[in-house]
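Notes for the structure review
Below, each chain spelled out in residue letters.
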Amino acid sequence: VLPRNHFFDDFELIRAFPGLGLRTLLLNGRSVDSEAGVPDLILLAIEAITEHKAAEETVRQAGERFRLLAQTVPQKIFTTEPSGEAGYFNPQWMEYTGLSFEQIKGWGWEQFIHPDDLTETVRMWKHCITSGEPFHFEHRFRCADGEYRWHISRAVALKDREGKVTLWAGSNASITDAQEADNSKDEFMARLSHALRHPPPPP
């Protein structure tokens, strides 16, 4: 029983219902003063939020899986709000730049873009934020040792059913690393082609 002039907001209660199993309810209550001599009344609002809580849990689990994956890949991964403000960087960013997450979150990442590339980077990024078009750009990032290295940056917008952007997810890879990977692939294909054209002599 609620004491006089008491209230509570957004109290979650899990109850089992026959044929429905466990359901989550959201309760909001207010004690209401009545006329003298009549017991106080309780105004109680109940909302079923089982599906909403399940959707929240699905999103949470998806986020955990994404972070686990992002921490293990060699590329530098990031996500931003629909406004373009970065809210997540995987550890590879901090290792490369030598900066903390607090230093590069939001728009703090601008500080490691080469000064000659910064204006066009921001212009292109803001254009994509407004249009929803995928972002693709080549620019230089300052490494922890002070050197600038070329990177390819890509980002795509994740949208809801109505087409509204809910999140931007992107990756950045060193062009040198990409070229080395391509060279390794080309070398492998060349060796394979040579082996097919020149099989070893029979024993």
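From a predicted model like this one, the values you see are computed outputs, not experimental measurements. (Residues numbered from 1 in each chain as written. Predicted model: local features only at pLDDT ≥ 70, side-chain atom pairs only at ≥ 80, totals over all residues. Heavy atoms only, no water.)

1. Things to note about the overall build of the protein chain
Counting its secondary structure elements, the protein chain contains five helices and eight strands. For the protein chain, the α and β elements follow one another from N to C terminus as β-β-β-α-β-β-α-α-α-β-β-β-α. Across the 203 residues that make up the protein chain, the buried fraction comes to 29%. Looking at the protein chain alone, contacts between residues at least 24 apart form 33% of all its contacts between residues at least 6 apart. Just so you have it, the protein chain exposes about 14000 Å², and 58% of that area is on carbon and sulfur atoms. (Helix = DSSP H or I, 4+ residues; strand = E, 2+ residues; numbered from the N terminus. Buried < 20%, exposed > 50% of the residue type's maximum accessible area, 1.4 Å probe, protein only. Contact = heavy atoms within 4.5 Å. Areas by Shrake-Rupley, 256 points an atom, 1.4 Å probe, with all protein chains shown as cover.)

2. Points about the pairing of strand S5 (residues 86-89)
Every regular strand shows the same layout, with side chains that alternate between the two sheet faces. As paired elements, strand S4 (residues 76-80) and S5 share three bridges and run antiparallel to each other. Of the residues in S5, the one forming a bridge with phenylalanine 78 is phenylalanine 89. As consecutive antiparallel partners, S4 and S5 are separated by five residues, and within that stretch glycine 84 has a phi angle of approximately 100°, a positive value. (Pairing = 2+ DSSP bridges.)

3. A few points about the environment of proline 74
Within the secondary structure, proline 74 sits in the loop between helix H1 (50-72) and S4. On the accessibility criterion, proline 74 (72% relative accessible area) is exposed. Each C-alpha atom, one on proline 74 and one on proline 91, is 9.9 Å from the other, the two residues being 17 residues apart in sequence.

4. Considering the packing of aromatic side chains
A ring pair, where both rings are aromatic, is described by two values, the distance of the centres and the angle of the planes. Here the structure, examined in full by the defined rule, presents 10 aromatic pairs. Judged by centre distance (5.2 Å) and plane angle (70°), the rings of tryptophan 125 and tryptophan 168 are edge-to-face. Taken as a pair, tryptophan 125 in helix H4 (residues 115-131) and tryptophan 168 in strand S8 (residues 165-174) lie far apart in primary sequence, 43 residues in all. Each member of the pair, tryptophan 125 together with tryptophan 168, is buried. Three or more aromatic residues joined by ring pairs form one cluster here, namely Phe78, Phe89, Trp93, Phe101, Phe112 and Phe141. The ring of tyrosine 96 carries lysine 76 above its face, with NZ or CZ at 4.5 Å from the centroid. It is lysine 126 that lies over the ring of tryptophan 107; its NZ or CZ is 5.8 Å from the centre. (Phe/Tyr/Trp six-rings, centres within 6.5 Å; stacked < 30°, edge-to-face > 60°. Lys NZ or Arg CZ within 6 Å of the ring centre and 35° of its normal.)

5. A word on the pattern of salt bridges
In this structure the tally under the stated criterion is four salt bridges. The salt bridge partner of arginine 149 is aspartate 145, with a shortest N-O separation of 3.2 Å. (Salt bridge = Lys/Arg side-chain N within 4 Å of Asp/Glu carboxyl O.)

6. Description of the confidence of the model for the protein chain
Summary statistics for the protein chain give a mean pLDDT of 77 and a share of 61% for residues scoring 70 or more. This model gives residues 1-5 a pLDDT under 50, and the stretch forms 11 contacts once residues within four places in sequence are excluded. (pLDDT = per-residue confidence, 0-100.)

7. Looking at the sheet that holds strand S7 (residues 148-159)
Strand order in the open sheet made by the five strands is S5-S4-S8-S7-S6, with antiparallel pairing throughout. At either margin of the open sheet sits one strand with a lone partner, and together these are S5 and strand S6 (135-142). The average angle at which neighbouring strand axes cross in this sheet is 25°, direction not considered. Here nine bridges tie S7 to S8, and the two strands are oriented antiparallel to one another. For lysine 159, the partnering residue across the bridge sits in S8 and is valine 165. (Axes fitted to C-alpha atoms, helices over the stretch in contact; angles between N-to-C directions.)

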